[in-house]
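# Examination of the molecular architecture
Letter by letter, the chains look like this.
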Amino acid sequence: AAAAAAAVAAAAASNGGVPPFPQPPPGAAAQLDGGIGGDMGGGSEESNEDAAAAGGGGDGGGGDLDEQEAKRRKRLEMNRKAARESRRRKKLRIEELQRSVVFLTRENNELREQNELLRQMLAAQMPGAGAGAAVDPTAAA
């Protein structure tokens, strides 16, 4: 049980303080608190878990812990929901950008072909302009 609690604590520390999904059982929070701060009372992990389950955690009652845990779980769920929505919006943005790239690439190719055709027509109309001569359409004739 201590190894599992240490693994959860290490994963939470590497993830910005947020434990990995799925959430550990409620008793694991007491193990983590005892494991991080050290066991000053000299008791075993089981006695810490029993004390937390009985509501004798030292801060006056178990109701506050349950309320804090409920708030924490709600915050984490809201955060997951926001992250999921953010990923969905990002995916839609990327798909739209990819469509734009395809459209603009085609349009660019068509405009290049049209430009080349117009240059050839202009070169054919200008007397004395050879096939290799550069044509400046802005020059006055």
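Along each chain, numbering runs from 1 in the same order as the chain's sequence is written. Whole-chain, interface and lining totals are the exception, using all residues; otherwise, since this is a predicted model, local features are given only for residues with pLDDT of at least 70 and side-chain atom pairs are given and counted only at 80 or more. Heavy atoms throughout the structure, all of them, feed into the side-chain values; hydrogens and water do not.

## Some thoughts on the overall build of the protein chain
Along its length, the protein chain carries 4 helices and 0 strands. Think of it in three bands: with a 1.4 Å probe and only protein chains considered, a residue is buried below 20% of the maximum accessible area for its type, exposed above 50%, and partly exposed in between. Burial analysis of the protein chain (141 residues in total) assigns 9% to the buried set. Contacts were defined at the residue level, with two residues in contact if any of their heavy atoms lie within 4.5 Å. A separation threshold of at least 6 residues defines the contact pool for the protein chain, and within that pool the share at least 24 residues apart is 35%. Surface accessibility follows the Shrake-Rupley procedure with a 1.4 Å probe radius. Residue values consider only the protein chains on display as shielding. Summing over all exposed atoms, the protein chain offers an accessible surface of approximately 11,100 Å²; the carbon and sulfur share of this is 58%. We count a stretch as a helix when DSSP gives it H or I for four or more residues in a row; a strand needs E for two or more, and each element gets its number in order from the N terminus.

## Brief notes about the pattern of salt bridges
When a carboxyl oxygen of Asp or Glu is within 4 Å of a side-chain nitrogen of Lys or Arg, the pair counts as a salt bridge. Counting across every chain of the model gives 6 salt bridges. Here glutamate 69 and arginine 72 are joined by a salt bridge, their closest N and O atoms 3.2 Å apart. One end of the pair, glutamate 69, and the other, arginine 72, are both in helix H4 (residues 62–125), 3 residues apart, so they sit about a helical turn from each other. Arginine 72 sits in the partly exposed class, given a relative accessible area of 23%. Here arginine 73 makes a salt bridge to glutamate 69, at a shortest N to O gap of 3.1 Å.

## Remarks on the environment of glutamate 69
Glutamate 69 sits in the partly exposed class, given a relative accessible area of 25%. We define a polar contact as two N or O atoms separated by no more than 3.5 Å, with the added condition that, inside protein, one atom must be a possible hydrogen donor and the other a possible acceptor, whereas residues neighbouring each other in sequence contribute only through side-chain atom pairs. Among the polar contacts listed, one links the side chain of glutamate 69 to the side chain of arginine 72, at a separation of 3.2 Å.

## Details of a nonpolar patch on the surface
On the surface, Leu117, Leu118 and Met121 cluster together into a nonpolar patch covering about 290 Å² of accessible area. Following the sequence through the fold, methionine 121 ends up in helix H4. Its relative accessible area of 42% is what places methionine 121 among the partly exposed residues. Nonpolar side chains (Val, Leu, Ile, Met, Phe, Trp, Tyr) within 5 Å and like charges within 9 Å form the patches, drawn only from residues with over 30% relative accessible area and no salt bridge.

## A short note on the confidence of the model for the protein chain
This prediction gives the protein chain a mean pLDDT of 73; 46% of its residues lie at or above 70. Note on scores: pLDDT gives the predictor's confidence for each residue, bounded by 0 and 100. Per-element confidence in the protein chain is highest for H4, whose mean pLDDT is 96, and lowest for helix H3 (residues 45–54), whose mean pLDDT is 47. Residue range residues 29–57 is modelled with pLDDT below 50. Its contacts to residues more than four positions away, or to other chains, number 20 contacts.

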